[in-house]
Amino acid sequence: MSRVDKEPWWRGAVIYQVYPRSFADANGDGVGDLAGISERLPYLRGLGVDALWFSPWYPSPMADAGYDVADYRDIDPMFGTIEEADRLIRDAHAHEMRVVIDIVPNHCSDAHPWFREALAAGPGSPQRERFWFRPGRGREGELPPTDLGSIFGGPAWTRVTEPDGRPGEWYLHLFAAQQPDFNWNSTEVRAEFLDVLRFWLDHGVDGIRIDSAAVLVKDLDLAGETAYTDLDGVHEIYREWRSLADGYPGDRVLIGELWLPDHQRFAAYLRPDELHAAFNFEFLCCPWEADRLRAAIDESMLAHQPVEAPASWVLSNHDVTRPVSRFGRADSAFSFADRLRRQGLPLDLELGARRARAGALLCLALPGAAYLYQGEELGLWEVEDIPRPLLQDPMYHRSGGADPGRDGCRVPIPWSGVEPPFGFSPPGAAAAPWLPQPPAWKDLTVEAQTGDPHSMLELYRSALRIRSAEPALGDGTLRWLDSPAGVLAFVRDPGFICVVNVSGEAVPLPPHESVLLTSKPLDGSALPPDTAAWLRQ
Ligand code: GLC
């Protein structure tokens, strides 16, 4: 039985995140596009993933790489057309992969017609009610309405020039100034997003990834992050979204991007009448330490149980340091706050790759769904030496360089050949890739790794093949086995064992019938450090 035959599909799916601008460039302008993705569908199917999640592809001035949306019902010309999106959805289905798109409901672009109308209509207008406009403090309104800071650094308020040319009100933006926050108290905003959801569900998508899902509702009388993080009113929005999604045939899924440390608060979003699933960022942020990994796994399973939602395991995405680089440092946790400090620390890419391989087998053996960010299957590392003038991420610019930003995990992926653009763009392309690729990626192209049994790509291919044929994997539960300190060992019934050696020494394998897959060759019959094994019990 293939994994997609299991119902409902999303409980145990492997979902591959496509970051369109960096996946494949068919027209040679140095930026990925939908035609490029279409050409690579056989690659994705061959890899063995069940679904594709596309980061935003909408018309956008790209102040935040497309997470600043100017029109929720169209495709940016840089990526293609709505007809191409329709074809891509159809073709993905024909290749037996589901499609998840990214919806950004917290904010739009300052180029969105509603924001332009709000600026033109002036203070007190119904058009401004769709956003958070407020007069400033101080004698002349020259101070922001509150002290709230932007998640990207700097203040969360920007002052506008009124239609009469004078400095006027301020508007709220939790992210960049080009990303004004919607006011979710507005019935028009609520109705608009239900309609946007209908639009894409009618176009055949199987799921929606909800950007910044916990911050939609605000109470500006509260201080700091409490003004917007996880306010109770947000649940009502997702109940409405759920009943809309439930009205569609097939299993349409709502997946939340929720960065919430409290397990109970997190699980509340996954109650049966709200979202179906949410990314497990606690696991993603975990250092390569057995106790911490085990605690994150246990706590996550425990939190999901009462609401009967599957857990979702993630090692990376377009916002975080690539695992090969993260695991290659002594301090292998991830946090946005410490990113700059960590970048300066010594890095052992070989160690990082070994751990990332073991981490992949761990991630794919845990109960629930798994996410895979493009390039993870190639073992790409974080590119930490992009020349500063080429950096685009507003996190870098708004923090005055205090945050290195996220460009390093967004570099276009290498497909073939021995020099940039490594098949990302067609031969004779007019422009270089939008971010430069390291020449050393010649060894990490899809072409170079294909057929090499020791490559990361072939490890992923084998793991995904086993996972889809293995009844024990995907949705379900796990049972821990007694194991030496620093070793994670668990059974997935029926008859499957995963062992991960996070200790510094080789350890014996638990009793088993046969070895299905290892992330690195065994040392005789022992499991080497930083290695994982899948065993038949
Ligand atoms: C989410 C996205 C991130 C984006 C932010 C603002 O965290 O994953 O890339 O910058 O929301 O939309």
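Residues numbered from 1 in each chain as written. Predicted model: local features only at pLDDT ≥ 70, side-chain atom pairs only at ≥ 80, totals over all residues. Heavy atoms only, no water.

Here asparagine 185 lies in the loop between β6 (167-172) and α5 (187-202). Judged by relative accessible area, asparagine 185 falls into the exposed class, the value being 55%. Considering only alpha carbons, one finds asparagine 185 and glutamate 129, 56 residues apart in sequence, at a separation of 8.7 Å. (Helix = DSSP H or I, 4+ residues; strand = E, 2+ residues; numbered from the N terminus. Buried < 20%, exposed > 50% of the residue type's maximum accessible area, 1.4 Å probe, protein only.)

Grouped together as the largest cluster of nonpolar side chains are 160 residues, with contacts concentrated most on Tyr16, Trp57, Ile103, Trp200, Tyr238, Trp241 and Trp534. With 8 residues, the top contributor of residues to this core is helix α12 (residues 349-365). Residues contacting tyrosine 238, with those up to four places away along its chain left out, are Ile210, Ala213, Leu216, Tyr269, Asp273, Glu274 and Leu275. Formed by 15 residues, the second largest nonpolar core is a distinct cluster that contains Ala156, Trp157, Leu174 and Phe175. (Core = buried A, V, L, I, M, F, W, Y, C linked by side-chain atoms within 4.5 Å. Contact = heavy atoms within 4.5 Å.)

Another aspect to go through is the pattern of salt bridges. One pass over the structure, following the stated rule, counts 37 salt bridges. Across the salt bridge formed by aspartate 211 and arginine 209, the nearest N and O atoms sit 2.8 Å from each other. Of the two residues examined, aspartate 211 and arginine 209, each falls in the buried class. Because the salt bridges share partners, they merge into one network encompassing Asp64, Asp319, Asp393, Arg406 and Arg410. (Salt bridge = Lys/Arg side-chain N within 4 Å of Asp/Glu carboxyl O.)

Here helix α15 (residues 456-469) is 14 residues long and its end C-alpha atoms lie 20 Å apart, about the 20 Å a rise of 1.5 Å per residue gives. Judged by how many residues are buried, α15 sits mostly within the fold: 11 of 14 residues are covered. Listed as buried for α15 are Met456, Leu457, Glu458, Leu459, Tyr460, Arg461, Ser462, Ala463, Leu464, Ile466 and Arg467. (Expected span 1.5 Å × (residues − 1).)

Glancing now at the pairing of strand β5 (residues 157-161). In this structure, β5 lies alongside β6, joined through 4 bridges in antiparallel fashion. Note on β6: the bridge partner recorded for arginine 159 is tryptophan 170. As consecutive antiparallel partners, β5 and β6 are separated by 5 residues, and within that stretch glycine 165 has a phi angle of approximately 95 degrees, a positive value. (Pairing = 2+ DSSP bridges.)

Moving on: the domain arrangement of the protein chain. Once the domains are mapped, the protein chain shows domain 1 (3-107 + 187-449), domain 2 (113-172) and domain 3 (478-536). Taken over C-alpha atoms, the centre of domain 1 sits 31 Å from the centre of domain 2. Opposite the 15 residues of domain 1 that make contact, domain 2 presents 15 residues. In terms of surface lost to domain 2, no three residues of domain 1 exceed Glu188, Leu220 and Arg398, which account for 46% of the buried area on that side. Across the domain 1-domain 2 interface, the total number found is 1 salt bridge. Between arginine 130 and glutamate 188 there is a salt bridge, and its shortest N-O distance comes to 2.8 Å. The interface formed by domain 1 and domain 2 includes 3 residue pairs in polar contact (both at pLDDT 80 or more). Classifying every residue of the side of domain 1 that touches domain 2 gives 7 nonpolar, 2 polar and 6 charged. (Domains from an automatic or database assignment. Buried area = accessible area lost by both parts, 1.4 Å probe. Polar contact = N/O pair within 3.5 Å; in protein donor to acceptor, adjacent residues only side chain to side chain. Nonpolar A, V, L, I, M, F, W, Y, C, P; charged D, E, K, R; others polar.)

Quick look at the site of the ligand now. Taken together, the neighbourhood of the ligand is formed by 14 residues, with Asp64, Asp211, Glu257, His318 and Asp319 sitting nearest. With respect to the ligand, the side chain of aspartate 319 contributes an N or O atom lying 2.5 Å from an oxygen atom. Placement of the ligand is best described as lying within the largest pocket. Classifying every residue of the shell around the ligand by side-chain character gives 3 nonpolar, 4 polar and 7 charged. (Near = heavy atom within 4 Å. 1 Å grid on protein atoms, 1.4 Å probe; cavity = no way out; pocket = protein on both sides within 12 Å on 5 of 7 lines; lining within 4 Å. Sits in = over half its atoms within 2 Å of the grid points.)

Next up on the list: the sheet that holds strand β9 (residues 277-278). Taken together, the 8 strands give an open sheet; going across it, the order is β9-β8-β7-β3-β2-β1-β11-β10, and neighbouring strands pair in parallel fashion. With one partner strand each, in any of the chains shown, β9 and β10 (312-314) form the two edges of the open sheet. Examined bridge by bridge, β10 and strand β11 (residues 369-373) share 3 bridges and lie parallel to one another. Paired with tryptophan 313 across the strands is alanine 370, a residue of β11. Each of β1 (14-18) and β11 touches α15; the most contacted strand, β11, lies at about 160 degrees to it. (Axes fitted to C-alpha atoms, helices over the stretch in contact; angles between N-to-C directions.)

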